[in-house]
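# Coordinates in review
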Amino acid sequence: MSKILFVMTGADHWTLADGTEHPTGFWAEEFVVPFERLKGAGYEIVVATPGGVVPNVDKSSLAPEVNDGQDTADHRARVIGTSAELNNPVDLAKVDVADYAAVFYPGGHGPMEDLAVDADSGRLLATVLASGKPLAVVCHGPAALLAARGADGASVFAGYALTGFTNAEETQAGFADKAKWLLQDRLVELGADFREAAPWTSNVVVDRTLITGQNPASSARVADELLKSLA
């Protein structure tokens, strides 16, 4: 059975510009929807985090109003609570990309705290990109791309068309004026061709082996594009 690596945040907070620690982690929909789609297609999922810590779900991502109702929220909470893969992660530093058919990064504000500056994640991303294997990243997951640098110090994602959580969405979510930095701004600064759609609409950008989704609503399409690339 082919394996897909889910690289996930190990953070349980996001440090804001005033030093406040906002409770967060990964976003439920961005883990559960791709997890179920990829497992359902017959792939084995392995979760990796910095230090091998069990990922923390952002509690606000389990609210019924962001899950199309209470039934879906309850289902996603059950998947998170019972997933052996999620609750027994491996240490990101010990991952060998050669063992996996593809790599996927869910979002949530957690990656803004740890994966954006994680050297192990940065090296893994550069290795995956060079390998030609599919790499899928959604919402705030592209914060991890900021840590991926080549030998010359330049971003390995410079020149790639991609998307991620937009400044407009961060503003509507109430965090744009509280954050130390905004994801869209940083991705543009590293030389990416950032492609933005209307807030909260499904938007997926595919450039070579890189698949990116703008927001939680893009999670299903990201998973489907990843499956297409593996077919």
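What this report covers is the structure whose coordinates are included nearby. Quantities reported herein were computed from a predicted structural model and do not represent experimental measurements.

The rules behind each value
- Residues numbered from 1 in each chain as written.
- Predicted model: local features only at pLDDT ≥ 70, side-chain atom pairs only at ≥ 80, totals over all residues.
- Heavy atoms only, no water.
- Helix = DSSP H or I, 4+ residues; strand = E, 2+ residues; numbered from the N terminus.
- Rg over C-alpha atoms; globule rule 2.2 N^0.38 Å.
- Buried < 20%, exposed > 50% of the residue type's maximum accessible area, 1.4 Å probe, protein only.
- Contact = heavy atoms within 4.5 Å.
- Areas by Shrake-Rupley, 256 points an atom, 1.4 Å probe, with all protein chains shown as cover.
- Lys, Arg positive; Asp, Glu negative; His and termini not counted.
- Charge placed at Lys NZ, Arg CZ, Asp CG, Glu CD.
- Polar contact = N/O pair within 3.5 Å; in protein donor to acceptor, adjacent residues only side chain to side chain.
- Expected span 1.5 Å × (residues − 1).
- Axes fitted to C-alpha atoms, helices over the stretch in contact; angles between N-to-C directions.
- Left-handed = near helix turned anticlockwise from the far one by under 90°.
- Nonpolar A, V, L, I, M, F, W, Y, C, P; charged D, E, K, R; others polar.
- Phe/Tyr/Trp six-rings, centres within 6.5 Å; stacked < 30°, edge-to-face > 60°.
- Salt bridge = Lys/Arg side-chain N within 4 Å of Asp/Glu carboxyl O.
- Core = buried A, V, L, I, M, F, W, Y, C linked by side-chain atoms within 4.5 Å.
- Pairing = 2+ DSSP bridges.

## Quick word on the overall build of the protein
A count of helical and extended segments in the protein gives eight helices and eleven strands. The C-alpha radius of gyration of the protein comes to 16 Å, within 12% of the 17 Å expected for a compact globule of 231 residues. Referenced to the eigenvectors of the C-alpha coordinate spread, the extents of the protein come out at roughly 45 × 40 × 30 Å. Taking all 231 residues of the protein together, the buried fraction comes to 52%. Pairs at least 24 residues apart make up 75% of the contacts formed inside the protein by residues separated by at least 6 positions. Summing over all exposed atoms, the protein offers an accessible surface of approximately 9400 Å²; the carbon and sulfur share of this is 49%. Once the 17 positive and 31 negative side-chain charges of the protein are each reduced to a mean point, those two points are 5 Å apart.

## Here we look at the side chain of S155
Residue placement: S155 occurs in the loop between β7 (135–138) and β8 (161–162). Judged by its relative accessible area of 9%, S155 is buried. Within the structure, the side chain of S155 is placed 3.0 Å from the backbone nitrogen of F157, a separation counted as a polar contact. If we skip the residues at most four places from it in the chain, S155 touches A148, R149 and L190.

## Description of helix α1 (residues 28–40)
With 13 residues, α1 should reach 18 Å at 1.5 Å per residue; the first-to-last C-alpha distance of 18 Å fits that figure. Regarding α1, the residues found buried are A28, E29, E30, F31, V32, V33, P34, F35 and L38.

## Focus on the packing of α1 against helix α8 (residues 219–230)
Direction vectors running N to C along α1 and α8 enclose 35 degrees, while the axes themselves pass 9 Å from each other. Helix-helix and strand crossings are classified by hand; for α1 and α8 the assignment is right-handed. For the pair α1 and α8, the contacting residues are E29, E30, V33, P34, R37 and L38 in the first and S219, A220, A223, D224, L226 and L227 in the second. Classifying every residue of the contact of α1 with α8 gives seven nonpolar, one polar and four charged.

## Considerations on the environment of D118
Secondary-structure assignment places D118 in the loop between α4 (110–113) and α5 (119–131). For D118, a relative accessible area of 14% corresponds to the buried category. Along the sequence, D118 and G25 sit 93 residues apart, while their C-alpha atoms lie 15 Å from each other. Ignoring anything within four residues of it in the chain, the contact list for D118 reads P50, L92 and A147. One polar contact links the side chain of D118 to the main-chain amide nitrogen of D120, over a distance of 3.0 Å.

## Some thoughts on the packing of aromatic side chains
All chains considered together, the criterion is met by eight aromatic pairs. Seen in terms of ring centroids, F6 and F35 are 6.5 Å apart; in terms of plane orientation they differ by 85 degrees. Their pairing is edge-to-face. Here F6 is found in strand β1 (residues 3–7), whereas its partner F35 is found in helix α1, with 29 residues between them in sequence. Both residues of the pair, F6 and F35, belong to the buried class.

## Brief notes about the pattern of salt bridges
Evaluation of the coordinates by the stated rule reveals eight salt bridges. In this structure, R37 and D224 form a salt bridge, with 2.9 Å as the shortest nitrogen-oxygen distance. With R37 in helix α1 and D224 in helix α8, this residue pair connects regions lying 187 residues apart in the sequence. Given a relative accessible area of 36%, R37 falls into the partly exposed group.

## With respect to the nonpolar core
By size, the foremost hydrophobic cluster in this structure holds 65 residues, and its most contacted members are L5, F6, F31, Y105, L124, L135 and F157. Examining the composition of this core, we find that five residues originate from one element, α1, more than from any other. Excluding its chain neighbours within four sequence positions, the residues that come into contact with F6 are F31, P34, F35, L38, I45, V46, V47, A48, F104 and P106.

## Focus: the sheet that holds strand β11 (residues 210–213)
The mixed open sheet is built from seven strands, whose spatial order is β5-β4-β1-β6-β7-β11-β10. Of all the strands in the sheet, the pair left with one neighbour each is β5 (90–91) and β10 (204–207). Pairing analysis gives two bridges linking strand β4 (residues 44–49) to β5, with the strands arranged parallel. Following the sheet pairing, T49 is matched in β5 by D91. Where α5 meets the sheet, its contacts fall on β1, β6 (102–105) and β7, and the angle it forms with β6 comes to roughly 135 degrees. Across the face of the sheet, α8 comes into contact with β1, β6, β7, β10 and β11 while running at roughly 165 degrees to β11.

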